[in-house]
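Structural description and commentary
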Amino acid sequence: MKSIDLRSDTVTNPTAAMRAAMVAAEVGDDVYGEDPTVNALQQRLADELGFEAGLFVPSGTQSNLLALLAHCERGDEYLVGMDAHTYKFEGGGAAVLGSIQPQPIVQAEDGSLPLERIEAAIKPVDPHFARSRLLALENTWHGRPLPLDYLDAAHELARKHGLGLHLDGARLFNAAIACDVPARAITRHFDTVSICLSKGLGAPVGSVLVGSSALVDKARRWRKVCGGGWRQAGILAAAGLHALDHHVARLADDHRRAAYLAGRLREIAGVDLLGQHTNMVFIDVPAARLRELDVHLREAGIRISIGYLPTLRLVTHLDIDDDGIERTVAAFREFFARRA
Ligand SMILES: *Cc1c(COP(=O)(O)O)cnc(C)c1O
């Protein structure tokens, strides 16, 4: 029985076609800038998203960290959502490795950082304070695309105060598809953008940071310092290029399946559906029943993630087909029927 892993869209396995592209990749030493496949991936995303340069890195965490290090110096600060990945889920890297202070901002329900809260948190130029340098946003946030007019307003505010603007766009293409715009309509507001290839796009490894040549040069230096300079990485970049060719438009399938799954779960008595955005479905399950549900689903070959978030998050991706969704609905129905 095929396992149905709804924990995250990071769990996808490279397809046969992706593996074939990896095997066929032309490679060189990327520390010398000589890997043609890495260079092609970096340039392709930079061009598509409207930037001068790109940098291929092992993970989204490293990509965000390098962006923070490129924008900020020791004693600077970045303003960031209180629940943002770049603040909460990256081991405090900016502070640990960059002596950069985070200024967390309580987010609105939709994940945006209210502009008046940002403005109130920006420090005056005075030796008492860290230097406010950067605003970091995340899109999608818990599956939600940030509203396009919010991006306009945040951009304007950042310019007014001389802040750089970084986007953690781990799921940028999910946001673009949900908003029915080219990704560039989102990225044009930012100085740097980090994109994950290993989430819904289905590559085994990798993220790309795009920005101006000056910022990407700085990030490349910090990548080396962090031990992230790699050699024949074209094997991995080939998977990224394959993903960009074949797995972007199909994100809409993940969104459709998540919407369908949410609709079916909503019909089940006892399921408290909190919402669905792009490829994520959120359910409130009483903590006391979560373990029991997990055991029940495991027996049906279904995996869920418990413990990271206060609510249960189900994520659709490349390896979840329509049959997997039907099996999931059936397993939930059975669980709540037996124990209603
Ligand atoms: C997954 C993710 C990242 C990066 O994660 P890695 O596991 O380090 O690749 C960054 N931001 C968001 C919002 C993510 O979901």
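These lines cover the structure that appears in this document, whether it is placed above or below. (Residues numbered from 1 in each chain as written. Predicted model: local features only at pLDDT ≥ 70, side-chain atom pairs only at ≥ 80, totals over all residues. Heavy atoms only, no water.)

1. A short note on the overall build of the chain
The condition that has to hold: For the purposes of this entry, the term helix denotes a DSSP run of H or I that reaches at least four residues, the term strand denotes a run of E that reaches at least two, and both are numbered from the N terminus. Exposure categories follow from relative accessible area, calculated using a 1.4 Å probe and restricted to protein chains: below 20% of the type maximum is buried, above 50% is exposed, and the middle band is partly exposed. In what follows, residue pairs with any heavy atoms lying within 4.5 Å of each other are defined as contacts. Here the open area of atoms and residues is found with the Shrake-Rupley method and a 1.4 Å probe, where only the protein chains shown may cover a residue.
Regarding its fold elements, the chain presents 14 helices and 12 strands. Overall, the chain is about 60 × 50 × 35 Å in size when its C-alpha atoms are taken along their principal axes. Counting across all 340 residues of the chain, residues that qualify as buried make up 53%. Summarising the internal contacts of the chain: among those between residues at least 6 apart in sequence, 74% fall at separations of at least 24. Carbon and sulfur atoms provide 53% of the accessible area of the chain, an area that totals close to 14,700 Å².

2. Quick notes on the sheet that holds strand β12 (residues 312-315)
Strand pairing in a sheet relies on backbone hydrogen bonds, with the paired strands running either antiparallel or parallel. Where we set the bar: For two strands to count as paired, DSSP must find a minimum of two bridges between them. The axes used here are C-alpha line fits, helices contributing only the stretch in contact, and every angle between their N-to-C directions lies in the interval 0 to 180 degrees.
If you walk across this open sheet you meet the three strands as β9-β10-β12, and the pairing is antiparallel. The open sheet has two edge strands, β9 (272-277) and β12, and neither has a second partner. For this sheet the average axis-to-axis angle between neighbouring strands, irrespective of direction, equals 20°. One ladder, built from four bridges, connects strand β10 (residues 280-284) with β12; its direction is antiparallel. From the neighbouring strand, V281 faces β12, where its bridge partner is L314.

3. A few points about the packing of helix α3 (residues 60-71) against helix α10 (residues 213-225)
This is how the line gets drawn: Every angle not falling under 35 degrees, over 145, or within 65 to 115 is termed oblique; those three ranges are roughly parallel, roughly antiparallel and roughly perpendicular. Handedness of a crossing is defined here by the sense of rotation of the near helix relative to the far one, left-handed for an anticlockwise turn of less than a right angle and right-handed for a clockwise turn. Throughout this entry, Asp, Glu, Lys and Arg are counted as charged residues, while Ala, Val, Leu, Ile, Met, Phe, Trp, Tyr, Cys and Pro are counted as nonpolar. The remaining residues, Gly among them, count as polar.
Running from N to C, α3 and α10 point in directions that differ by 120°, and their axes come no closer than 8 Å. The angle between the axes of α3 and α10 places the two elements in the oblique class. Crossing of α3 over α10 shows right-handed handedness. Only L215, K218, A219, W222 and R223 of α10 make contact with α3, whose side of the interface consists of Q62, L66, L69, A70 and H71. For the contact of α3 with α10, the class distribution of residues is six nonpolar, two polar and two charged.

4. Points about the nonpolar core
Selection rule: In this description, a nonpolar core means a group of buried Ala, Val, Leu, Ile, Met, Phe, Trp, Tyr and Cys residues linked to one another through side-chain atoms lying within 4.5 Å.
In this structure, L49, F56, L135, L137, F173 and V210 are the most contacted members of the largest nonpolar core, which totals 49 residues. L49 has contacts with L172, F173, A183, R184, T187, I195 and V210, leaving out every residue within four places of it along the chain. Listed in part, the 26 residues of the second largest apolar core include A258, V285, L293 and I302.

5. Quick notes on the side chain of T140
Within the element layout of this structure, T140 appears in the loop between β5 (131-138) and α7 (148-160). Exposure remark for T140: the relative accessible area of 5% places this residue in the buried category.

6. Overview of the site of the ligand
We count it as follows: Proximity criterion: a residue is near a molecule or strand once any of its heavy atoms comes within 4 Å of it. Distance and chemistry together define a polar contact, namely a pair of N or O atoms within 3.5 Å, with one atom able to donate a hydrogen and the other to accept it when in protein, and with adjacent residues in sequence counting only for side-chain atoms on both sides.
Every residue lining the ligand is accounted for by S59, G60, T61, N64, H85, E90, E138, D168, A170, R171 and K199. Within the side chain of D168, a nitrogen or oxygen atom sits 2.6 Å from a nitrogen atom of the ligand. Look at the ligand: alone it shows 380 Å² of surface, and the protein chains cover 80% of it. With three residues, the top contributor of residues to the shell around the ligand is α3.

7. Side note on the pattern of salt bridges
Oppositely charged side chains can pair when the atoms bearing their charge come close. The condition that has to hold: Any Lys or Arg side-chain nitrogen found within 4 Å of a carboxyl oxygen on Asp or Glu counts as a salt bridge.
Going through the model one piece at a time under the given rule, you end up with 22 salt bridges. Its salt-bridge partner being K2, residue D321 comes within 3.8 Å of it at the nearest N-O pair. With a gap of 319 residues between them, D321 in the loop between β12 and α14 (322-338) and K2 in the segment before β1 (4-5) connect regions that are remote in the sequence. Overall, D321 belongs to the partly exposed group, its relative accessible area being 33%. Since its relative accessible area comes to 47%, K2 is described here as partly exposed. The network of salt bridges with shared partners includes D76, R131 and R133.

8. Things to note about the sheet that holds strand β2 (residues 53-57)
Taken together, seven strands build an open sheet; the order of strands is β2-β8-β7-β6-β5-β3-β4 and the sheet is mixed. The open sheet is flanked by β2 and β4 (101-105), the only strands paired with a single partner. Across the sheet, the mean angle separating the axes of adjacent strands is 20° when strand polarity is ignored. Looking at chain direction, strand β3 (residues 76-81) and β4 are connected through five bridges and run parallel. Opposite L79, over in β4, you have Q103 as the bridge partner. The sheet strands contacting α10 are β2, β7 (192-196) and β8 (207-211), and the helix crosses β2 at an angle near 20°.

9. Things to note about the packing of aromatic side chains
Convention followed: Side-chain rings of Phe, Tyr and Trp, where Trp is taken by its six-membered ring, are said to pair if the distance between their centres is within 6.5 Å; with planes under 30 degrees apart they count as stacked, over 60 as edge-to-face, and otherwise as tilted.
This structure, assessed with the given rule, holds three aromatic pairs. A centroid spacing of 6.4 Å and a plane angle of 10° characterise the contact between F332 and F336, whose relative ring orientation is stacked. Of this pair, F332 and F336 are both found in helix α14, four residues apart, which corresponds to roughly one turn of the helix. Taken individually, F332 and F336 each receive the classification buried, so the pair is uniform in this respect. Ring plane angle 85° and centroid distance 5.1 Å describe the contact between F335 and F336, whose orientation is recorded as edge-to-face.

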